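Listed here are the chains, written in short residue letters.
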Amino acid sequence: MSNDTVTITDNATGKSADLPRIQGSIGRPTVDVRKLAGSTDLFTYDPGFAATASCKSSITYIDGDQGILLHRGYSIEDLAANSNYLEVCHLLLDGELPNQDEFNEFESIIKNHTMVHENIHRFMSGFRYDAHPMAMLSATVAALASFYHDSIDINDEEHRKITAHRLIAKMPTMASYCFKHMRGQPFMSPKNNLSYSENFLHLMFAVPAGDYVPSPTAVRALETILILHADHEQNASTSTVRLAGSSGANPFASIAAGIACLWGPAHGGANEAVMNMLDDIMDTGATIESTIARAKDKSDPFRLMGFGHRVYKNYDPRAACIQKVCHDLLDELGGDQPLFQLARELEEAVLADDYFKERKLFPNVDFYSGIVLRALNIPMSMFTVMFAMSRTVGWIAHWQEMHNDPEFRIGRPQQIYTGETHRPYPKK
Ligand code: ACO
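Within each chain, residues carry numbers counting from 1 in the order of the written sequence. Only residues with pLDDT of at least 70 get local features here, since the model is predicted, and only at 80 or more are side-chain atom pairs given and counted; chain-wide, interface and lining totals rely on the full set of residues. Side-chain measures here rest on the full set of heavy atoms in the structure, leaving out hydrogens and waters.

Draft legend 1. Focus on the side chain of E401. Mapped onto the secondary structure, E401 falls in helix α18 (residues 383-404). What makes E401 buried here is its relative accessible area of 15%. Definition of a polar contact: a pair of N or O atoms within 3.5 Å, with one able to donate and the other able to accept a hydrogen when the atoms are protein atoms, and with sequence-neighbouring residues admitted only if both atoms are side-chain atoms. Side-chain polar atoms of E401 contact the side chain of S57, separated by 2.6 Å. By definition in these notes, contact holds between two residues if any of their heavy atoms fall within 4.5 Å. Non-local contacts of E401, meaning those with residues more than four positions away in its chain, are made with K56, S57, S58, I59 and R242. Strands here are runs of E lasting at least two residues and helices are runs of H or I lasting at least four, both read from the DSSP assignment and numbered beginning at the N terminus. Only protein chains enter the accessibility calculation, which uses a 1.4 Å probe. A residue is then buried if its area is under 20% of the maximum for its type, exposed if over 50%, and partly exposed in between.

Shown next as C-alpha cells:
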C-alpha cells in the first residue's frame, strides 16, 4: 500500500487490488480502475458516468463548486471579455492563443472554406418545408463525408486538420441554410470580408434584394454566445463524439452524432425551455410572485427554467459573462419590450429571494442566451443549431485529442445483466 494507490478489497472473495491514484494538473484525484477486473473480478457501476473519468484531457477544466471554467488554462471571463470566437477556436484546437500573424493565417484558412458545394444547396433544399433545423443540420453534416471522402483518413494529421477547418468554416453557412429553408428565402453566399459573427448574421438575415448591416452590439452579443458555448469538457454530446469516433468513424459522422445528442431537451434545449416559460407567464398573465411561489411549491413539478445547474453549484461563470451583453442588447433594442422586461424582473426577484439564495440557485447561461437569441431575431427552433455551431470546435478539439491519445481505445462500457439466466428453448 502507498499514497499513490487506493486499495479495494472484495470482502466476499478476499481478493484485493492496489489501484493507482492519478492526479491531473488541477482537480480531484482519480482512481485508475483498469486493473480492478483482472485482480478482483469486480467491475464498477456508474450510470450517467457521474463518478467516472473517461479520458485524460488538457482542453477544458471545470470546477463546479468554485464556478470556474478554464479553456487551456484561460478563464472564460478573460476569453469572453478580450477574445473573439476564432481566437478561441485556435486556442481549443492548438492549445495556444495565436499571435497576430497566426490569427491572420487561421482566419484566412477558415474564410477559404466557408462555401459549400452546390449539391449541398440542393441536398438542403430537398428537405420538407417544415423540417426541423436540427434534423437538417445533423443530416447535412453527416452528408459532408460524401463530399470529402478523399480527406477523411483519421490517421492522417493533415486530413484531420482540414476537416476541422472545413467544419468550423461551413457550420454557419449550413446553419443559416436551415433557417433560410424554413423561411422560404434564397440561400445567401458567405462574405469573406466579414468577421465570423458578422458573416453569420449576414447569412441569416440578408436577402438578395437589399443590404443588411448588423449592429455592433448584435455582433458582440453573438460573438459572446459563441465563445461561451465553444466547449464544456466531457458533456453528453462531446462524450458522444468521442464514443462515435472511437470506432474509427469518420469525423463528419462523429460530429453528426454529437449534433444528434445535443438535440435532446436535457442537453441543448434548456434556453428554449426558458423562452417557453417566459412566453407561458406572458400568455397566462401569471405574476412574478405567483411564478416564484410555484417554483418553491414542492407539490408542483414546475421549476424555474434557467436557474440552477448540475455542475455549477456556486454560480455559472458563463452567466456572469453574458448578463451584461444581454442587458446592453436589450437596452439597445428597447428594454421595455414586455417579454424582456419580464425576464429582467424575474431575474431581479429570484436573486433577491432567500429560497434561491439558500439553495445557491443562480441564473445559468441558458437564462440569458435564450433572451439574447430572441433579441437577435433567431427563432426558437434554431436555438440548438446555434449551440451546435459554437460547440463544433469543442467537439473537434476532443475528437482530435482522442486520436492523439496513446491510451485511446474503442469505447465499450460494461453492464450489470439483470435478465433471465440461461434457459432451454421450449419444446414445440
Ligand atoms: N427552480 C426551483 N427550485 C429549484 C430549481 C429551479 N430551477 N433548481 C433546483 N431547485 C431546488 C430543488 O427543488 C431542490 O430543493 P430542496 O433542496 O428543497 O429539495 C434544490 O433546489 C436542489 O435541487 P436539485 O434538483 O438537487 O439540483 P440538481 O443539481 O439536481 O439540478 C438542475 C440542477 C437540473 C439544473 C435544476 O436546477 C433545474 O431543473 N433547473 C432548471 C432547468 C435549467 O435551467 N437547466 C439548465 C441547466 S443545464 C445543465 O445543468 C446541464
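Let's pick the thread back up.
Draft legend 2. Up close: the pattern of salt bridges. Here a salt bridge means any side-chain nitrogen of Lys or Arg lying within 4 Å of a carboxyl oxygen belonging to Asp or Glu. Evaluated as defined, the whole model comprises 14 salt bridges. Close ionic contact of R374 with D279 constitutes a salt bridge, the shortest N to O distance being 3.0 Å. On the criterion of sequence distance, the pair formed by R374 in helix α17 (residues 365-375) and D279 in helix α12 (residues 270-284) is long-range, its members being 95 residues apart. For R374, a relative accessible area of 25% gives the class partly exposed. Through salt bridges with shared partners, a single ionic network connects D32, R34, K56 and E407.

Draft legend 3. How the structure looks around unusual backbone geometry. Of note, the phi angle at R72 is positive, near 50 degrees, even though the residue is not glycine. Looking at where R72 falls in the secondary structure, it is placed in the loop between β5 (68-71) and β6 (74-75). Among the residues examined, R72 registers a relative accessible area of 21% and is labelled partly exposed. Of note in the backbone geometry, N377 takes a positive phi value of approximately 70 degrees without being a glycine. Position of N377 relative to the elements: it lies in the loop between α17 and α18.

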